[in-house]
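So you can see what is in the structure, the chains are spelled out below.
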Amino acid sequence: MECVFGLVGKDFAIVVADSSAVHSILVHKTNEDKIMLLDSHKLMGASGETGDRAQFTEYIQKNVALYQFRNGIPLTTAATANFTRGELATALRKNPYMVNIILAGYDKEGPSLYFVDYIASLHKLDKAAFGYGSYFALSMMDRHYHRDMTVEEAVNLVDKVIMEIRSRLVVAPPNFVIKIVDKDGAREYAWRESIKDAPVIAS
């Protein structure tokens, strides 16, 4: 039961994702990082089929790097979002990817957040969410979100959303990773863990 959500603050964007790798009724691991750093100032949070998510996000990451290598300048966040949408739209009529994406970035236009779903619809938003947790994430953000949030206010809202998901979703993921992007770049901010994977003991 995946959950990915994000929001734009005063001078930053934040993306949060659960870290459970599941198949059917089994949990394989609880420390899967579903937010990829595309480059120094872009984050891509993704949900969907595990193989599609891993393959597609890596494909976008490598193409963003290739563009910068060939042209000497990075893609803007808007250009990256439109490229991502175009690749999903092309694949939709051939071999579709079952992946939903929240793309956050910071460039000369400031912070921005883009919502791209598996049927290649693209929207620029202040806040977005995917997965079963989105029922709670969107309602909490509707109530508490405002455009000029500080990092502390945004993280406090994220913690409220995580608490709501954990307490009200019947199969709630236990752990979440929080990443942030601002003028200083994209980076991991924190983990919110309620359980840890057991260490593997060598025989």
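Basis of the calculations
Residues numbered from 1 in each chain as written. Predicted model: local features only at pLDDT ≥ 70, side-chain atom pairs only at ≥ 80, totals over all residues. Heavy atoms only, no water. Helix = DSSP H or I, 4+ residues; strand = E, 2+ residues; numbered from the N terminus. Rg over C-alpha atoms; globule rule 2.2 N^0.38 Å. Buried < 20%, exposed > 50% of the residue type's maximum accessible area, 1.4 Å probe, protein only. Contact = heavy atoms within 4.5 Å. 1 Å grid on protein atoms, 1.4 Å probe; cavity = no way out; pocket = protein on both sides within 12 Å on 5 of 7 lines; lining within 4 Å. Points joined across faces, edges and corners; volume = space filled by probe spheres on them. Nonpolar A, V, L, I, M, F, W, Y, C, P; charged D, E, K, R; others polar. Axes fitted to C-alpha atoms, helices over the stretch in contact; angles between N-to-C directions. Parallel < 35°, antiparallel > 145°, perpendicular 65-115°, else oblique. Left-handed = near helix turned anticlockwise from the far one by under 90°.

**Overview of the overall build of the chain**
Step number 1: For the chain, the count of helices and strands is 4 helices and 12 strands.
Step number 2: Computed over the C-alpha atoms, the radius of gyration of the chain is 16 Å, within 12% of the 17 Å expected from 2.2 N^0.38 for a compact globule of 203 residues.
Step number 3: Along the three orthogonal principal directions, the C-alpha set of the chain runs to about 45 × 40 × 35 Å.
Step number 4: Expressed as a percentage of its 203 residues, the buried residues of the chain come to 46%.
Step number 5: Pairs at least 24 apart in sequence give 59% of the contacts found in the chain among residues at least 6 apart.

**Examining the layout of surface pockets**
Step number 1: By volume, the largest pocket is sized at about 770 Å³.
Step number 2: In this structure, the largest pocket is lined by 31 residues; those nearest its centre are M1, E2, V22, G48 and Y132.
Step number 3: Counting only elements with at least two residues in the lining of the largest pocket, the list comes to strand 3 (21–23), strand 4 (26–29), strand 6 (42–48), helix 1 (50–71), strand 7 (99–107), strand 10 (127–131) and helix 3 (134–144).
Step number 4: A per-element tally of the lining of the largest pocket places strand 3 first, with 3 residues.
Step number 5: Along the lines of polarity and charge, the residues of the lining of the largest pocket split into 17 nonpolar, 10 polar and 4 charged.

**Quick notes on the packing of helix 1 against helix 2 (residues 77–92)**
Step number 1: For the pair helix 1 and helix 2, interaxial distance at closest approach is 11 Å and the crossing angle is 130 degrees. With respect to their mutual orientation, helix 1 and helix 2 come out oblique. Once helix 1 is placed against helix 2, the crossing between them reads as right-handed. Judged by residue contacts, F56, Y59, I60, N63 and V64 of helix 1 engage T80, F83, T84, E87 and L88 from helix 2.

By themselves, these observations are geometric and do not establish any function.
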